[in-house]
Amino acid sequence: MKIRESLFLLLLMPLGIYTSCGIQSHPKQKDPVRIEQKESSRTAVEYEKKDRVETTERKRKSIHFYQGLLEDFCKLYYHKAFEGRTYIYGSLCIVSVDYLSETIIEIKGTHSYEGIMGKQYTGYAFKANVRELGNDRFLVTFEKQSIKLLSRKKYWERTSREIAYSE
């Protein structure tokens, strides 16, 4: 088609739609772009729902996995890292798991421990950052809330250790 003919047709089309000069306009059809947008937005909503379900499943699995990892970590290193205090096995309760990146996970919760004098401290907060190193190895930075014996003030202590763990 020549440029003149295509320009002529482009000029006639709007006239046929907006005037009544004998040229009939075609019934308005659905805009294919809008249809694609609706379908793609529907698909996006479906993907979002699927992602939420997968994320929920992943969190359930990860809570179980990280519960075991942190239990083992505390069993192995707590006494050495926190000067004579002993972790009470099975007391760790995970409250939240947040994915900071693909390899770093932040875990918050509570735990109990036995102090130097034998007194039990229950429900003390902890924060752990777990970095996946590969080959079932993890770097755990574990922070725990403690209490000073004389002043009864709470403070945070921290340790970092590498641990091998697999379910």
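A quick note: this is a predicted structure, and the numbers were derived from the prediction, not measured.

Draft legend 1. Structural detail: the overall build of the chain. Within the chain one finds two helices and six strands. Shown N-terminal to C-terminal, the secondary structure of the chain runs as helices and strands in the order α-α-β-β-β-β-β-β. A total of 167 residues make up the chain; the buried ones form 28% of that total. Restricting to contacts in the chain with at least 6 residues of sequence separation, those with at least 24 account for 45%. Of the roughly 12500 Å² that the chain leaves accessible, carbon and sulfur atoms contribute 53%.

Draft legend 2. Expanded view of unusual backbone geometry. Not every positive phi belongs to a glycine, and Asn 135 is a case in point at roughly 55°. Of note, Arg 152 is a non-glycine position whose phi angle comes to about 60°, a positive value. The residue Arg 152 is located in the loop between β5 (137–147) and β6 (154–164) in this model. What makes Arg 152 partly exposed here is its relative accessible area of 44%.

Draft legend 3. A nonpolar patch on the surface, seen in detail. Taken together, Ile 116, Met 117, Leu 149 and Leu 150 make up a surface patch of nonpolar side chains, about 570 Å² in accessible area. Assignment of secondary structure puts Ile 116 in the loop between β3 (104–114) and β4 (120–134). Residue classification places Ile 116 among the exposed positions, given a relative accessible area of 61%.

Draft legend 4. Structural detail: the pattern of salt bridges. The final tally for this structure, using the stated rule, is five salt bridges. Measuring nitrogen to oxygen at the nearest pair gives 2.6 Å for the salt bridge that ties Arg 85 to Glu 157. Here Arg 85 is found in the loop between α2 (32–81) and β1 (86–87), whereas its partner Glu 157 is found in strand β6, with 72 residues between them in sequence. Judged by its relative accessible area of 8%, Arg 85 falls in the buried class.

Draft legend 5. Inspection of the nonpolar core at higher detail. Ranked by internal contacts, the top residues of the largest apolar core, which has 28 residues, are Ile 107, Val 140 and Phe 142. Contributions of two or more residues to this core are made by α2, β2 (93–99), β3, β4 and β5. When residues in this core are grouped by element, the largest group, nine residues, is from α2. If near-sequence neighbours (up to four positions away) are discounted, Phe 142 is found in contact with Leu 70, Phe 73, Cys 74, Tyr 78, Phe 82, Leu 92, Phe 126, Lys 127, Ala 128, Glu 157, Arg 158 and Thr 159.

Draft legend 6. Quick look at the packing of aromatic side chains. Under the definition given, this model contains 15 aromatic pairs. The interplanar angle of 65° and the centroid separation of 5.2 Å between the aromatic rings of Phe 65 and Tyr 165 together place this pair among those described as edge-to-face. Taken together, the residues Phe 65 in helix α2 and Tyr 165 in the segment after β6 connect sequence positions 100 residues apart. A relative accessible area of 16% places Phe 65 in the buried class. Site record: aromatic cluster; members linked through ring pairs are Phe 73, Tyr 77, Tyr 78, Phe 82, Tyr 87, Tyr 89, Tyr 113, Tyr 121, Tyr 124, Phe 126 and Phe 142. If you follow Lys 75 out to its NZ or CZ, it ends over the ring of Tyr 89, 5.4 Å from the centre. Cation over ring: Lys 144 sits above Tyr 113, and NZ or CZ is 3.8 Å from the ring centre.

Draft legend 7. Up close: the confidence of the model for the chain. Within the chain, residue pLDDT values average 77, and 63% of them lie at 70 or more. When mean pLDDT is taken per element in the chain, β1 scores highest with 96 and helix α1 (residues 3–18) scores lowest with 45. Scored below 50 in pLDDT, residues 6–40 makes eight contacts in the model with residues more than four places away or belonging to other chains.

Rules and cut-offs
Residue positions are given per chain, counting from 1 as you read along its sequence in written order. Only residues with pLDDT of at least 70 get local features here, since the model is predicted, and only at 80 or more are side-chain atom pairs given and counted; chain-wide, interface and lining totals rely on the full set of residues. Excluded from the side-chain calculation are hydrogens and water; included are all heavy atoms of the structure. Put simply, DSSP H or I for four residues or longer makes a helix, DSSP E for two residues or longer makes a strand, and each gets a number counted from the N terminus. Three exposure classes are used, based on accessible area relative to the maximum for each residue type with a 1.4 Å probe and protein chains only: buried under 20%, partly exposed in between, and exposed over 50%. Contact between two residues is taken to exist if any of their heavy atoms lie within 4.5 Å; hydrogens are not considered. Residue-level accessible areas treat just the shown protein chains as cover; the underlying method is Shrake-Rupley with a 1.4 Å probe. Residues qualify for a patch when their relative accessible area is over 30% and they have no salt bridge, like charges being joined within 9 Å and the nonpolar side chains of Val, Leu, Ile, Met, Phe, Trp and Tyr within 5 Å. The salt bridge criterion pairs a side-chain nitrogen of Lys or Arg with a carboxyl oxygen of Asp or Glu, the two atoms within 4 Å. What is meant by a nonpolar core is a set of buried Ala, Val, Leu, Ile, Met, Phe, Trp, Tyr and Cys residues, joined one to another through side-chain atoms within 4.5 Å. Here the aromatic set is Phe, Tyr and Trp, taking the six-membered ring for Trp, and pairing holds for ring centres within 6.5 Å; pairs whose planes are under 30 degrees apart are stacked, those over 60 apart are edge-to-face, and all others are tilted. Whether a charge sits over a ring depends on NZ of Lys or CZ of Arg being within 6 Å of the ring centre and within 35 degrees of the ring normal. pLDDT expresses, on a scale from 0 to 100, how confident the predictor is about each individual residue.

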